[in-house]
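What follows is the residue order along each chain.
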Amino acid sequence: NQWTWVSGNDGVDQSGIYGTKGIGSVNTSPGSRYGSGSWNDGQGNLWLYAGWGNNKGKKQSGLSDLWRFNINEKKWTWVSGNDSIGEFSIHGELGIGSAETTPGVREGSMTWFDRSGKLILFGGGGFDGNRLPSRLNDLWSYDIISGRWTWLNGSNNFSQPGVYDSSNTTGIINRPGARNGALSWTDDNDQLWMFYRDWE
């Protein structure tokens, strides 16, 4: 029942040390941040996406970087995304991933890891076309093998309301509204769940 300091700096407001994309090092690490998405892939790796914090130049804003931490090697690897701040979403074509597609800046997204080996991300806070904070309701997957983000569902616009079917059945038009900071989990049947309480 003891805590062990494994990685990272014991100071505050640290800048990200990105190194070379795709190459892990004991010297690389994400900068200080909060509201990131996170996953455990069950293969000895922890994943971290975006949040609000410091980039490599210690500029504080919305981030869009994806990191992997190898538990055995105790190394961070910058995997995907930008090392700057304020990156917009690039949705591309629904259901088709590419090297250019990206969720962009996110804070407070909901995350799941599915059995096919993909990182799943829903919504969160990002930037609208006027670079103002706004909630999102788009669903994304990241394929660890191909290294590509794919827009799966939801709107590529901002602040969208939910679409509800009162019959409590699955429907193609159903979708949650824009939100951030919800609870998320996966059940034994690999179904994704989410619960949200808005205090505003």
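Look a little higher up for the structure.
Now for a description of the structure that goes with this document. (Residues numbered from 1 in each chain as written. Predicted model: local features only at pLDDT ≥ 70, side-chain atom pairs only at ≥ 80, totals over all residues. Heavy atoms only, no water.)

### Here we look at the overall build of the chain
Counting its secondary structure elements, the chain contains 0 helices and 11 strands. Listed N to C, the secondary structure of the chain is β-β-β-β-β-β-β-β-β-β-β in terms of helices and strands. Relative to the 2.2 N^0.38 estimate, which gives 16 Å for 200 residues, the radius of gyration of the chain is 17 Å and therefore close to what a compact globule would have. With the principal axes as the frame, the chain shows a C-alpha extent of 50 × 40 × 35 Å. In the chain, buried positions account for 38% of the 200 residues. (Helix = DSSP H or I, 4+ residues; strand = E, 2+ residues; numbered from the N terminus. Rg over C-alpha atoms; globule rule 2.2 N^0.38 Å. Buried < 20%, exposed > 50% of the residue type's maximum accessible area, 1.4 Å probe, protein only.)

### Let's talk about the sheet that holds strand E8 (residues 133–143)
Strands in a sheet are paired, the pairing made by backbone hydrogen bonds, and the direction either parallel or antiparallel. Pairing within the open sheet is antiparallel, and its 4 strands lie in the order E6-E7-E8-E9. Every other strand in the sheet has two partners, leaving strand E6 (110–113) and strand E9 (148–153) as the edge strands with one partner each. Each adjacent strand pair in this sheet contributes to an overall mean axis angle of 30°, direction not counted. Bridge analysis of strand E7 (residues 118–127) against E8 gives 9 bridges, and the strand direction is antiparallel. Bridge pairing in E8 links Lys 118 to Asp 143. (Pairing = 2+ DSSP bridges. Axes fitted to C-alpha atoms, helices over the stretch in contact; angles between N-to-C directions.)

### Notes on the nonpolar core
Trp 39, Trp 47, Tyr 49, Ala 50, Leu 66, Val 79, Leu 119, Leu 121, Trp 140, Tyr 142, Trp 149 and Trp 151 form the largest nonpolar core, which has 12 residues in total. Contributions of two or more residues to this core are made by strand E3 (45–54), E7, E8 and E9. The biggest single contributor to this core is E3, with 3 residues. Of all hydrophobic cores here, the second largest spans 6 residues; its members include Leu 48, Phe 69, Trp 76 and Trp 78. (Core = buried A, V, L, I, M, F, W, Y, C linked by side-chain atoms within 4.5 Å.)

### With respect to the packing of aromatic side chains
Going through the model one piece at a time under the given rule, you end up with 9 aromatic pairs. Both rings, one in Trp 47 and one in Tyr 142, keep their centres 6.3 Å apart while their planes meet at 55°; by these two values the pair is tilted. Taken together, the residues Trp 47 in strand E3 and Tyr 142 in strand E8 connect sequence positions 95 residues apart. For Trp 47, a relative accessible area of 3% corresponds to the buried category. (Phe/Tyr/Trp six-rings, centres within 6.5 Å; stacked < 30°, edge-to-face > 60°.)

### What to know about the pattern of salt bridges
This model, assessed by the stated rule, comprises 4 salt bridges. Taking the shortest distance from any N to any O, the salt bridge between Asp 83 and Lys 56 comes out at 3.0 Å. Residue Asp 83 is found in the loop between strand E5 (75–80) and E6, and its partner Lys 56 is found in the loop between E3 and strand E4 (60–70); the two are separated by 27 residues along the sequence. By relative accessible area, which is 17% here, Asp 83 ends up buried. By relative accessible area, which is 51% here, Lys 56 ends up exposed. (Salt bridge = Lys/Arg side-chain N within 4 Å of Asp/Glu carboxyl O.)

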